[in-house]
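# Breakdown of the fold
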Amino acid sequence: MDVAPKLLDMVWAVLIFGAVIAVILGLAALYEKRGGRRAGWWFVGPSLALLAVGLVYPALKTLWNSFRDAGGGSFVGIDNYTAIFTNSDELVVLRNTVLWTLVTPFVATAIGLLYAILVDRAKGEAVAKAVIFLPMAISLVGASIIWKFMYDFRDPAGGTSKHPIEQIGLINQVIVWLGGKPYNFLLNSPWNTFFLIVVMIWIQAGFAMTILSASIKAIPADIVEAARLDGVGGFQMFRFVTFPSIRPAVVVVLTTIAIACLKVFDIVRTMTGGNFDTNVIANEFYSQTFSAANQGLGAALAVILFVLVIPIIVYNVRQLRASEGR
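Note that this is a predicted model, so its numbers are computed, not measured.

## Re the nonpolar core
In terms of nonpolar packing, the biggest core is built from 39 residues, with Trp100, Leu196, Val199, Ile267 and Met271 touching the most fellow members. Top contributing element to this core by residue count: helix H8 (residues 191-217), with twelve residues. Once residues lying within four places of it in the same chain are set aside, the contact partners of methionine 271 are Ser144, Trp147, Lys148, Tyr151, Leu186, Leu196 and Val199. Within the second largest apolar cluster, 15 residues are counted, among which are Ala300, Ile304, Val309 and Ile312.

## Regarding the packing of aromatic side chains
If you walk through the whole model with that rule in mind, you get 14 aromatic pairs. On the numbers, 5.5 Å between centres and 50° between planes, the contact of tryptophan 147 with tyrosine 151 is tilted. The class of tryptophan 147 is buried, set by a relative accessible area of 12%. A network of ring pairs unites the aromatic residues Trp147, Tyr151, Tyr183, Phe185, Phe195 and Trp202 as a single cluster.

## Quick word on a nonpolar patch on the surface
A cluster of nonpolar side chains, contributed by Leu7, Leu8, Met10, Val11, Trp12, Val14, Leu15, Ile16 and Val20, occupies part of the molecular surface with about 890 Å² of accessible area. For leucine 7, the location among the structural elements is in helix H1 (residues 4-32).

About the criteria used
- One numbering rule holds for all chains: residues counted from 1, following each sequence as written.
- Under the rules for a predicted model, residues below a pLDDT of 70 receive no local features and side-chain atom pairs below 80 are neither given nor counted, while totals for whole chains, interfaces and linings still include all residues.
- Heavy atoms throughout the structure, all of them, feed into the side-chain values; hydrogens and water do not.
- Residues belong to one nonpolar core when they are buried, are Ala, Val, Leu, Ile, Met, Phe, Trp, Tyr or Cys, and are joined through side-chain atoms within 4.5 Å.
- Partly exposed residues are those whose accessible area sits between 20% and 50% of the maximum for their type, while under 20% is buried and over 50% is exposed, using a 1.4 Å probe and protein chains only.
- Working definition: helices are DSSP H or I runs of at least four residues, strands are E runs of at least two. Numbering for both runs from the N terminus.
- Pairs of residues are marked as contacts when any of their non-hydrogen atoms sit within 4.5 Å.
- Pairing of aromatic side chains here covers Phe, Tyr and the six-membered ring of Trp, requires ring centres within 6.5 Å, and sorts the geometry by plane angle: under 30 degrees stacked, over 60 edge-to-face, intermediate tilted.
- Patch members must show over 30% relative accessible area and no salt bridge, and they are joined within 9 Å when carrying like charges or within 5 Å when they are nonpolar side chains of Val, Leu, Ile, Met, Phe, Trp or Tyr.
- Computed with a 1.4 Å probe, the accessible areas rest on the Shrake-Rupley method; for each residue, only the protein chains presented here act as cover.
- The rule for a salt bridge is simple: a side-chain nitrogen of Lys or Arg has to be within 4 Å of a carboxyl oxygen of Asp or Glu.

This is how it looks when you write it as structure tokens:
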């Protein structure tokens, strides 16, 4: 492979980028003498232009395509949205997305908060935190592959008494050791969706623990000491001192994980491909747009995903403003 042309293209790209930045800085310096506001626009303007090209235009184009047919040619009104809320397969997609969004944030946050409280100022705190945080360093695809092996199922009916089928999935092997029968975790609906949710909880619990642990350590020591002098017990300390103090952080963690669950794609795509009634909006959007070439339905799913994210973001912003006393 000849790398010279690619290297030359990269050099040209860097030079062009440098030239554009130099022009912007030069014009900004020129207009700075006439007024700071004009100089500021030379910095804000390119960002706004890129924002319009990279976000605003694609969003409007997606909204427009959601009212078109599969090929993006004819106008079909709200037919794509009607199909999403009436088709049985699409209703399963919406149901699964709701399950992901309701179960994962609360369970992951609860585990992270409990862990943060238990290891707070304990011996070996750093090591204990590192253990639960390690899954955050793994990509969602990597974590999915790990858990796919954990859930692996081999049908024991194909073996004999002398040569039984060995389970290579850790969980099923443990079940066999305990005298039980192996179970196909990724096949039976709706429980398979919950087994996929476990993967996200495993990853996000470390994120929740990190944020909440930092918030717990930020609680003023004099408040904690005053509560202890008043005879406040462990549970009352958590209820009346710890939780009210870290409530803004809890809201941030819940909303952040909820948004991640709304757009979850990697786990479902890697472990089941959306089969066996495990599909979610993000994976269905991908499948309809690129596999089934149904641009209209895919765009409608993307719009619904965007609409679902908006209330969570608005709530998060309001809570942050309220905590800052604005």
